[in-house]
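# Topology and contacts: notes
For reference, the chains in residue letters:
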Amino acid sequence: MSATASSLQFPLSHDQARRVEDAFTGLDASQLQWLSGYAAGLAASGVATAPAIAPQADVGETWTILYGSQTGNGEGIASRLADDARARGYTVKLASLADYKPSALKKETLASFIISTHGEGDPPDDAELVHEFLLSAKAPGLEKLRYNVLALGDSSYVNFCQTGREFDARLAELGGERLTSIVECDVDFQDAAGEWAEATFNALPEPANVASVGPQLRAVPDAPVFDRNTPLLAEVQTVQRITGRDSSKSVYHVELSLDDSGLLYAPGDSLAVMPVNPPALVDEVLDVTGIDGDTTVDVDGQTIALREALSTKLEITALSLPFLTAWAAHSNDASLEALAAGDNKEALSDLIDSHQVIDILHRFPASVDGQSLADSLRRLAPRSYSIASSLTANPDEVHLTVAEVAYEAFDRPHWGSASTYLGRRLEEGDRVAVYVETNNRFRLPDNPEAPIIMIGPGTGVAPFRAFVEERAEQEASGRNWLFFGERNFDSDFLYQLEWLRHLKQGSLERLDVAFSRDQAEKIYVQHRIRDNAAELVRWIDDGAHVYVCGDAKHMAPDVHAALRDALVAQRGVDADTAEQALKDLRQQGRYQRDVY
Amino acid sequence: MSKLSDVERIKTDSRHLRGSLSESLEAAITGALAEDDTQLSKFHGIYQQDDRDLRAERKRQKLEPAYSFMIRARVPGGLCTPAQWLNMDRVATEYANGSIRLTTRQAFQLHGVIKRRLKATVAGINAAMMDTLAACGDVNRNVMAPPLSSSNRVYAAVQQHARELSDHLTPATGAYHEIWLDGEKLPTPEVEPIYGDTYLPRKFKTAFVIPPQNDTDIFAQDLGFIAIVEDDQLIGYNVTVGGGMGMSHGEPATYPRLADQLGFVSVEDHLKVGEAVVTTQRDYGDRTNRKHARLKYTIDDRGIEWLRDEVARRAGVELQAPRPFEFVANGDAYGWQQDEAGAWHYLFFVENGRVSDVGERRLLSGLRAIAKLDVGEFRLTPNQNLTISNLSDAQKATVSALLAEYGITNSDRASALRLNSMACVAMPTCSLAMAESERYLPDLVSKLDAAMNAAGLDNEAITIRMTGCPNGCARPYIAEIGLVGKGPGTYNLYLGAGFAGDRLGCLYRENINEAEILAALTPLFEAYAADREPDEHFGRFCIRTGVIREVTAGLNFHGAAA
Ligand code: SRM
Ligand SMILES: Cc1cc2nc3c(=O)[nH]c(=O)nc-3n(C[C@H](O)[C@H](O)[C@H](O)COP(=O)(O)OP(=O)(O)OC[C@H]3O[C@@H](n4cnc5c(N)ncnc54)[C@H](O)[C@@H]3O)c2cc1C
Ligand SMILES: Cc1cc2nc3c(=O)[nH]c(=O)nc-3n(C[C@H](O)[C@H](O)[C@H](O)COP(=O)(O)O)c2cc1C
Ligand code: SF4
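### A word on the interface of chain A and chain B
- Each side of the interface is counted separately: chain A has 20 residues, and chain B has 15 residues.
- With both chains or domains summed, chain A and chain B bury close to 1,600 Å², and 54% of this area falls on carbon and sulfur atoms.
- Taken together, the connections running from chain A to chain B amount to four salt bridges.
- The salt bridge partner of Arg-116 of chain B is Asp-490 of chain A, with a shortest N-O separation of 4.0 Å.
- Joining chain A to chain B, the criterion identifies eight residue pairs in polar contact (both at pLDDT 80 or more).
- Mapped by element, the contributors of at least two residues to the side of chain A that touches chain B are strand S7 (232-241), helix H17 (489-492), helix H18 (496-505) and strand S19 (510-515) of chain A.
- Residues of the side of chain A that touches chain B, tallied by class, amount to nine nonpolar, six polar and five charged.

### Considering the site of ligand 4
- Surrounding ligand 4, one finds Cys-424, Val-425, Ala-426, Cys-430, Leu-432, Ala-433, Thr-467, Gly-468, Cys-469, Asn-471, Gly-472 and Cys-473 of chain B.
- Taken together, the residues of the shell around ligand 4 break down into eight nonpolar, four polar and no charged.

### Looking at helix H6 (residues 115-126) of chain B
- With 12 residues, H6 of chain B should reach 16 Å at 1.5 Å per residue; the first-to-last C-alpha distance of 17 Å fits that figure.
- Considered for burial, the residues of H6 of chain B that qualify are Lys-115, Leu-118, Thr-121, Val-122, Gly-124, Ile-125 and Asn-126 of chain B.

### Considerations on the confidence of the model for chain B
- Chain-level statistics for chain B give a pLDDT mean of 95 and a share of 99% at 70 or above.
- If you check the scores for this complex, the pTM reads 0.86 and the ipTM reads 0.88.

### Describing the pattern of salt bridges
- In total, this model carries 78 salt bridges over all chains according to the counting rule given.
- For Arg-431 of chain A, the salt bridge identified is with Asp-259 of chain A, shortest N-O distance 4.0 Å. Residue Arg-431 of chain A is found in strand S16 (residues 431-437), and its partner Asp-259 of chain A is found in the loop between strand S8 (251-257) and strand S9 (270-273); the two are separated by 172 residues along the sequence.
- Note on Asp-259 of chain A: relative accessible area 37%, which makes it partly exposed.
- Between Arg-368 of chain B and Asp-89 of chain B there is a salt bridge, with the nearest N and O atoms lying 2.6 Å from each other. Separated by 279 residues along the polypeptide, Arg-368 of chain B in helix H12 (residues 363-372) and Asp-89 of chain B in helix H5 (residues 82-95) bring together distant segments of the chain.
- By relative accessible area, which is 26% here, Arg-368 of chain B ends up partly exposed.
- Connected through salt bridges with shared partners, the residues Asp-154, Asp-186, Glu-315, Arg-378 and Arg-383 of chain A form a single ionic network.

### Section: a positive patch on the surface
- A contiguous patch of positive charge, built from Lys-101, Lys-106, Lys-107 and Lys-144 of chain A, is present on the exposed surface.
- Tracing the backbone through its elements, the reader meets Lys-144 of chain A in the loop between helix H5 (128-135) and strand S4 (146-152).

### Some remarks on the sheet that holds strand S10 (residues 335-338) of chain B
All names here are of chain B.
- The antiparallel open sheet is built from five strands, whose spatial order is S3-S15-S16-S11-S10. Lying at the two open borders of the sheet, with one neighbouring strand each, are strand S3 (79-80) and S10.
- Of the strand pairs in this sheet, strand S11 (residues 344-348) and strand S16 (residues 386-391) are connected by four bridges, and their pairing is antiparallel. Bridge assignment links Trp-344 to a residue of S16, and that residue is Leu-391.

Basis of the calculations
- Residue indices follow the written sequence of each chain, beginning from 1 at its first position.
- Chain A is the first chain written and ligand 1 is the first ligand written, with later ones labelled in order.
- Given that the model is predicted, a residue must reach a pLDDT of at least 70 before its local features are reported, and side-chain atom pairs must reach 80 or more before they are shown or counted; all residues, however, enter totals for whole chains, interfaces and linings.
- To get the side-chain values, take all heavy atoms of the structure and skip hydrogens and water.
- By definition, residues are in contact when any of their heavy atoms lie within 4.5 Å.
- Buried area adds together the accessible area that both of two parts lose upon being put together, with accessible area traced by a 1.4 Å probe.
- One speaks of a salt bridge when a side-chain nitrogen belonging to Lys or Arg is within 4 Å of a carboxyl oxygen belonging to Asp or Glu.
- Throughout this description, a polar contact denotes any pair of N or O atoms lying within 3.5 Å of each other; where both atoms belong to protein, one of them has to be capable of donating a hydrogen while the other can accept it, and for residues adjacent in sequence the pair is counted only when both atoms sit in side chains.
- Going along the chain from the N terminus, every DSSP run of H or I of four or more residues is numbered as a helix, and every run of E of two or more is numbered as a strand.
- Gly is put with the polar residues, along with every residue not named as nonpolar or charged; the nonpolar set is Ala, Val, Leu, Ile, Met, Phe, Trp, Tyr, Cys and Pro, and the charged set is Asp, Glu, Lys and Arg.
- Near, as used in this document, describes a residue that has one of its heavy atoms within 4 Å of the molecule or strand being considered.
- Multiplying 1.5 Å by the residue count of a helix minus one yields the expected span of that helix.
- The classification of residues rests on relative accessible area computed with a 1.4 Å probe and restricted to protein chains. Under 20% of the type maximum is buried, over 50% is exposed, and intermediate values are partly exposed.
- pLDDT is defined as a per-residue confidence score from the predictor, taking values between 0 and 100.
- Distance thresholds for patches are 9 Å for like charges and 5 Å for nonpolar side chains (Val, Leu, Ile, Met, Phe, Trp, Tyr), applied to residues having over 30% relative accessible area and no salt bridge.
- Per-residue and other accessible areas were derived by the Shrake-Rupley procedure at a 1.4 Å probe size, with only the shown protein chains allowed to occlude residues.
- For the purpose of charge, His is not counted, nor are the chain termini; Lys and Arg are scored as positive and Asp and Glu as negative.
- By convention, charge coordinates are those of NZ in Lys, CZ in Arg, CG in Asp, or CD in Glu.
- Note on pairing: DSSP must find at least two bridges between two strands before they are called paired.

Next up, the structure:
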């Protein structure tokens with residue numbers, strides 16, 4: 001970011017320019033985008049003088065808004081809430097739990113927690129330490145604290161909103177007083193989050209200095225902001241299968257055009273895609289339930305044909321708890337009801353992982369009308385895809401690497417919604433609704449000289465394509481090392497030609513690969529990490545940042561263990577010390593993960 | 001002096017063919033070898049190829065080409081034991097594409113071996129005392145010798161000489177054992193007594209032949225030994241030099257050439273004379289231009305007299321005037337025959353040398369069953385065919401039954417044109433192919449059979465050979481109908497070659513497709529049926545009737561000598 005100074009110098013004094021530069025350092029694309037609108041708003045309101053934006057200084061009790069967010073949803077909610085609160089005159093401190101000293105908790109009097117759940121009921125990475133501290137015996141009494149919790153989650157996971165629930169319960173246990181009761185959000189969190197924010201404001205005392213509220217600091221949407229409600233309709237440029245013809249899987253490279261939409265992203269961000277469900281599956285749902293697709297139903301206050309609702313509004317692939325509960329009632333099936341009650345979490349989890357909505361419709365027939373069907377189905381949620389391109393290297397484009405979910409089960413073909421939409425149903429020239437999910441916890445080092453180690457088997461390699469492109473474009477001198485793995489060398493070496501080119505050109509220093517099905521014994525990236533432990537630890541000692549992307553269930557823990565073992569072996573320390581070293585790396589932002 | 005060709009640098013730097021092959025094999029991020037190593041691997045009998053059918057597709061998939069390797073195993077004189085056959089079958093099935101390819105030089109080729117299986121494959125081949133060293137590269141290649149002779153005594157003597165010469169000219173480098181068989185690494189490179197550090201300027205090919213059959217196409221060889229037999233005794237050889245087929249389209253300085261006779265030598269001298277020819281070519285062959293580096297060009301540049309003197313001097317052997325002999329055909333003599341000792345031999349047609357199971361003709365399985373009997377010998381022929389040899393009466397009966405059971409004897413009913421056809425490998429593996437060959441010639445022959453039948457030439461033997469490019473791997477310039485790939489679906493048509501491989505063909509039509517090939521040949525078949533003289537072969541007929549100019553030397557292949 002240091003290059004911005006000269007371009008900013010002209011209208012500003014030297015000192016101003018320095019201060020502006022300082023203020024901008026470390027901001028990401030969307031923050032800068034927001035600021036440009038903010039500045040425009042200030043200019044337009046004619047009050048762009050310094051004092052106007054400091055009404056809340058030194059007044060009233062500080063309201064601490066803390067978030068633990070992995071994919072940016074919670075962070076977005078938290079920062080909007082903070083803006084809103086400041087605008088209403090509150091004194092607000094906004095922080096990520098990653099930057100928050102756990103011991104400071106006992107001094108807080110007013111705090112809101114916005115926290116999601118990841119892994120299998122685990123806290124997001126940035127909340128890990130506070131979570132651990134809070135649940136431990138070391139946790140202090142919090143009698144002075146008034147708090148509330150907004151939990152983010154996904155009801156297709158059995159441990160729905162687990163981390164939020166744990167925070168909420170534990171804070172009360174430690175003596176805290178609830179400001180409002182917890183609100184648990186599903187993937188369509190916008191409305192619920194808005195209601196929770198309103199309830200919070202209602203529960204708070206009036207701000208001390210309402211009268212001195214300055215201008216409305218709403219951004220003038222000069223640079224457009226795309227989000228779930230106002231996605232960009234991006235044109236499809238290319239959809240290319242990039243696994244060879246004998247591959248056991250289909251992975252697609254998808255290129256979307258940004259034209260001059262102004263959409264910005266940085267390597268590490270993901271792109272949310274609003275899917276359209278497979279037409280054959282929509283037909284099958286109508287067929288099993290025996291409902292006419294032209295029947296109209298109300299969805300979110302809109303009256304539309306059921307067929308349309310099943311295509312674009314409702315989740316008809318992935319299962320969720322609310323659907324199972326509703327369907328248990330419709331089908332009057334005791335076994336399903338028992339499952340949905342969630343007493344046997346394992347069975348429930350197995351069911352959700354291995355079945356889709358259509359399987360339940362087949363297995364537990366029920367006679368329902370269109371509206372009941374629509375009401376029992378969850379809202380169709382956008383799917384995230386790691387952005388596989390660097391905007392600098394590919395102006396006006398965004399690339400994705402999409403693994404198709406398509407499999408046979410119960411004598412029926414099954415499809416994933418978004419992956420087959422992107423891979424198979426979209427054609428060049430079609431438009432697809434997308435928006436960027438900023439991910440500040442998955443970023444290249446600021447220092448272009450710092451080495452990086454990227455561990456990205458399968459589609460986990462996607463963001464590293466962006467990383468390497470970006471570093472090549474910046475002519476960053478830091479060495480880049482990639483670990484990649486897949487099933488078969490011949491057909492599944494994603495972006496092989498590009499990696500070979502980067503190696504030749506020096507934009508990739510090392511590439512280690514593991515193909516699990518090319519030999520009798522299974523070999524994965526973690527084996528390659530162990531094979532190269534000495535070199536890897538040398539890189540870490542040289543200041544390398546380590547990145548892991550891809551499968552959350554098996555890969556990420558296995559890779560973590562391999563990294564720990566590498567430290568144990570090379571530094572001659574015990575496992576706990578190595579674990580602590582990884583934690584420290586994580587705290588320093590030198591061990592970042594984006595796993596799903 | 002002009003600059004040495006790049007391959008010369010690679011050879012010089014290679015530490016006797018080691019290069020960085022071991023590292024290349026280890027590199028897991030590519031199915032290819034390092035670029036220089038792809039030249040060196042050839043000396044070890046290994047060619048890097050890629051599936052050309054998939055090239056464009058894989059590029060779009062951002063995947064490197066579907067690299068695989070062709071491995072050529074030497075079989076001096078084409079002779080192999082049933083155990084060796086079984087081993088080759090096992091290796092082909094386990095590591096390669098499940099078929100065995102018999103070559104135009106009596107060797108085995110496996111296709112589709114991927115890099116990470118390469119070592120295991122080479123080791124597998126070696127397990128049966130066969131090797132791939134010097135099957136390719138700038139060295140002496142597989143030495144050919146006839147699979148059969150009316151006299152078994154002569155056959156055996158010639159076989160032995162071929163084997164001796166083959167052993168004598170095999171490179172001494174330990175690189176092969178080191179790289180492929182995990183042999184011990186020598187502290188300093190061994191001495192290459194014949195080749196020196198830079199080997200030969202180009203490939204070098206040697207064959208033996210026993211008249212009257214010219215099955216090994218002696219005139220297409222750099223070095224040839226024509227057996228001279230008196231009273232059923234092998235007394236010596238007429239030595240031939242300077243044959244070769246390869247040329248490039250549009251480059252008249254390159255041309256196929258038939259060998260000259262250097263002179264007669266007695267049996268004891270064949271090794272000395274052979275070595276002298278090789279070392280002369282080593283020292284005088286053109287190392288600056290690989291398209292001008294074969295012995296045939298050295299001879300046309302310096303004269304046959306010069307070579308004769310040089311060889312005589314180096315070998316310390318007097319070369320006598322060639323002895324008379326006669327060739328009748330350059331094809332194989334099919335069917336059962338019994339030699340003077342009473343042993344049975346069955347030579348049968350293997351279309352384009354491809355041994356695999358296709359429909360009712362289950363060659364691969366049938367030959368496996370026969371090899372498992374562990375009787376007799378397998379002899380590969382220079383026309384991509386096979387002989388099951390040395391069977392007693394009882395064994396003949398058992399083998400016959402198996403041949404019938406697996407549909408192998410079906411080929412006895414093939415047309416004479418088909419039995420005299422050969423095609424090189426070409427697509428999809430050969431990186432030099434411009435047109436189809438092996439995959440296409442069988443269809444074309446069916447269509448030509450129809451035209452010949454219509455002309456009343458039902459069972460007339462005409463030699464027809466096709467290659468996918470002008471390199472001439474199936475020796476098309478010495479077939480009466482020579483078809484040489486020019487582009488996808490188009491060929492140059494050569495006519496007028498000698499039925500015994502003793503005269504080059506001449507370009508008749510350029511760049512023609514199938515319809516044009518049929519249109520060109522049909523009237524010639526009709527004329528041949530109507531106007532030929534007794535025992536006149538098609539090639540000779542074309543010359544006598546003025547259809548085509550007679551080519552009398554390589555230098556006037558492209559037109560009158562300059
Ligand atoms: C397998 C075989 C043809 C067949 O259908 O049986 C063959 C196949 C190839 N030949 Fe050949 N040649 C084969 C006999 C010949 C012959 C016939 C002969 O030796 O009697 C010739 C013509 C005689 C001659 O050498 O002049 C022949 C002249 C060539 C040439 C041209 C040489 C020249 O001097 O111009 C090349 C290309 C080159 O060397 O640059 C070549 C190159 C090749 C390569 C290795 C292509 C390459 O360099 O990348 C082909 C591999 C194709 C594949 O996918 O398998 N091959 N090649 C024969 C293997 C013989 C063996 O066992 O060693
Ligand atoms: C931050 C993040 C980044 C991501 N990046 C990428 C990326 O770069 N590339 C990528 O391809 N994906 C990525 N994903 C995953 C992606 O978001 C989708 O989850 C995935 O593409 C599947 O979505 P879908 O709509 O096709 O399938 P859905 O319609 O959601 O269907 C999935 C459902 O099918 C069932 N199912 C799936 N497979 C099986 C099976 N084998 N057996 C039985 N049941 C099965 C399960 O019930 C599962 O819930 C990422 C996810 C996150 C959170
Ligand atoms: C890999 C992964 C695992 C998840 N696991 C859970 C889970 O166990 N329980 C749950 O309620 N939600 C789970 N979720 C859903 C997230 O909590 C949800 O998407 C939330 O909106 C993310 O908020 P954030 O972007 O602030 O992290 C998971 C999401 C991902 C990507
Ligand atoms: S003749 Fe040409 S196409 Fe045929 S195998 Fe030889 S090099 Fe390949």
